[in-house]
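One letter stands for each residue in the lines below.
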Amino acid sequence: MSQDYGVSGGGGKGLEGPWISEASYWIPDYVVESAWLEHAAFSAWLMGVLRPDSVVELGTHSGFSYFALCDFADRLGLSTRFVAIDTWQGDEHAGFYGEETFAAVVDWNRRYEGRSTLLRSRFDEARPRIPNHSVDLLHIDGRHRYEDVSEDFRLYLSTVSRRGVVLFHDIAEYSGDFGVHRFWAEIKQEYPTFEFAHGHGLGVALVGPDSSPLLSALAAADESTSEAVRSAYARLGRRAADIRHLLVRSAAADALELELAQAGALIQQLNDERAGAQAAHAGLAAEVSAFRASTSWRITAPVRWLGSAVRSRRRRSRARLAIWPDWPFRRPSSPPRSRSKCFGSASR
């Protein structure tokens with residue numbers, strides 16, 4: 001079933017202004033399961049507008065958002081430097097996971113060798129590695145409690161450049177102890193912002209004083225334009241999610257096809273073995289028939305009869321022994337006969 005990824009706003013009104021670009025329709029090369037899937041379209045547009053020299057991500061997990069930004073930088077011809085910071089062990093919100101996740105990230109990162117750095121450490125431990133006022137795009141997506149996101153932002157605020165933008169994921173997640181929405185409410189009081197509610201929510205804060213004029217215009221857009229932009233990117237964002245689902249279904253179909261092929265090969269092997277056994281049985285039966293029709297078989301008939309008779313006598317002997325263990329040395333005594341039957345009835 002085809003999906004409608006049109007970018008019309010509410011009431012069918014088309015999205016106007018420079019808020020949609022060719023990059024908005026790009027799908028990253030690296031598509032894995034991620035809560036960030038639906039924000040790929042906007043991040044491609046953002047990379048084209050901001051054209052950052054440096055990107056830092058706090059909390060990378062499987063790497064979808066990080067490698068999407070790397071991919072878009074390549075397509076845009078940018079020489080952006082990237083740093084991903086994570087322990088790659090997981091947490092209470094993202095869940096805990098094994099070494100295979102980090103191994104997959106390391107493997108894909110080889111595509112961007114020379115300008116992408118993976119720092120496997122805590123955020124506070126990695127902070128001295130990031131120069132002040134050097135980061136044009138900071139993406140905060142670590143542990144999502146209020147205290148955590150607040151600390152992450154304050155810790156890395158001094159790294160943001162004068163034209164820097166900070167992204168906050170999960171601003172529309174209200175379950176459990178998620179507290180990004182609370183901190184986002186405070187950020188909106190301090191900086192120009194724009195926000196999306198789809199895909200668990202994404203907040204865009206223009207933290208640097210020299211923000212791009214186009215981003216400033218987006219943050220200052222009226223409600224009608226803002227709603228049109230949100231609606232457009234919610235629809236475009238579903239494309240990456242749908243493609244991920246198709247990839248999962250395709251992988252499942254491939255696995256099923258492989259299982260069917262293996263089952264077919266096993267059935268063929270069993271059929272071949274059965275055919276071989278049937279042929280061997282037929283050959284043996286023919287040999288037996290030929291032997292029984294031979295002169296030697298007829299000549300030895302008396303010997304076979306005698307052997308059969310001996311075996312039959314032995315079986316009878318074993319049966320007697322089972323009944324009379326001391327046979328043939330003592331025959332069992334016969335029960336006494338009734339006097340009345342032998343000599344007539346007693347005298348009256």
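Caption draft 1: Here's a closer look at the sheet that holds strand β5 (residues 116-120). One open sheet holds the seven strands; their spatial order is β5-β2-β1-β6-β7-β9-β8, and the pairing between them is mixed. Edge positions in the sheet fall to β5 and β8 (193-196), since each has one partner strand and no second. Put simply, the sheet's adjacent strands are angled 15° from each other on average, direction ignored.

Caption draft 2: Spatial organisation of the pattern of salt bridges. Counted by the stated rule, this structure contains 14 salt bridges. Of the charged contacts, one joins R230 and E223 as a salt bridge, the two residues approaching to 3.7 Å between their closest N and O atoms. One network of salt bridges, in which partners are shared, links D29, D71 and R75.

Caption draft 3: Representation of the packing of helix α5 (residues 146-156) against helix α6 (residues 180-190) in the model. α6 packs onto α5 with a crossing angle of 40° between their chain directions and a minimal axis gap of 7 Å. Put simply, α5 runs oblique to α6. Touching Y146, V149, S150, F153 and R154 of α5 are V180, R182, F183, E186, I187 and E190, all from α6. For the contact of α5 with α6, a count of residues per class yields six nonpolar, one polar and four charged.

Caption draft 4: Examining the confidence of the model for the protein chain more closely. Looking at the protein chain as a whole, the pLDDT averages 83, with 77% of positions reaching at least 70. Predicted confidence for residues 339-348 stays below pLDDT 50, and this span has three contacts to residues more than four positions away or in other chains.

Calculation rules
Residues numbered from 1 in each chain as written. Predicted model: local features only at pLDDT ≥ 70, side-chain atom pairs only at ≥ 80, totals over all residues. Heavy atoms only, no water. Pairing = 2+ DSSP bridges. Helix = DSSP H or I, 4+ residues; strand = E, 2+ residues; numbered from the N terminus. Axes fitted to C-alpha atoms, helices over the stretch in contact; angles between N-to-C directions. Salt bridge = Lys/Arg side-chain N within 4 Å of Asp/Glu carboxyl O. Parallel < 35°, antiparallel > 145°, perpendicular 65-115°, else oblique. Contact = heavy atoms within 4.5 Å. Nonpolar A, V, L, I, M, F, W, Y, C, P; charged D, E, K, R; others polar. pLDDT = per-residue confidence, 0-100.

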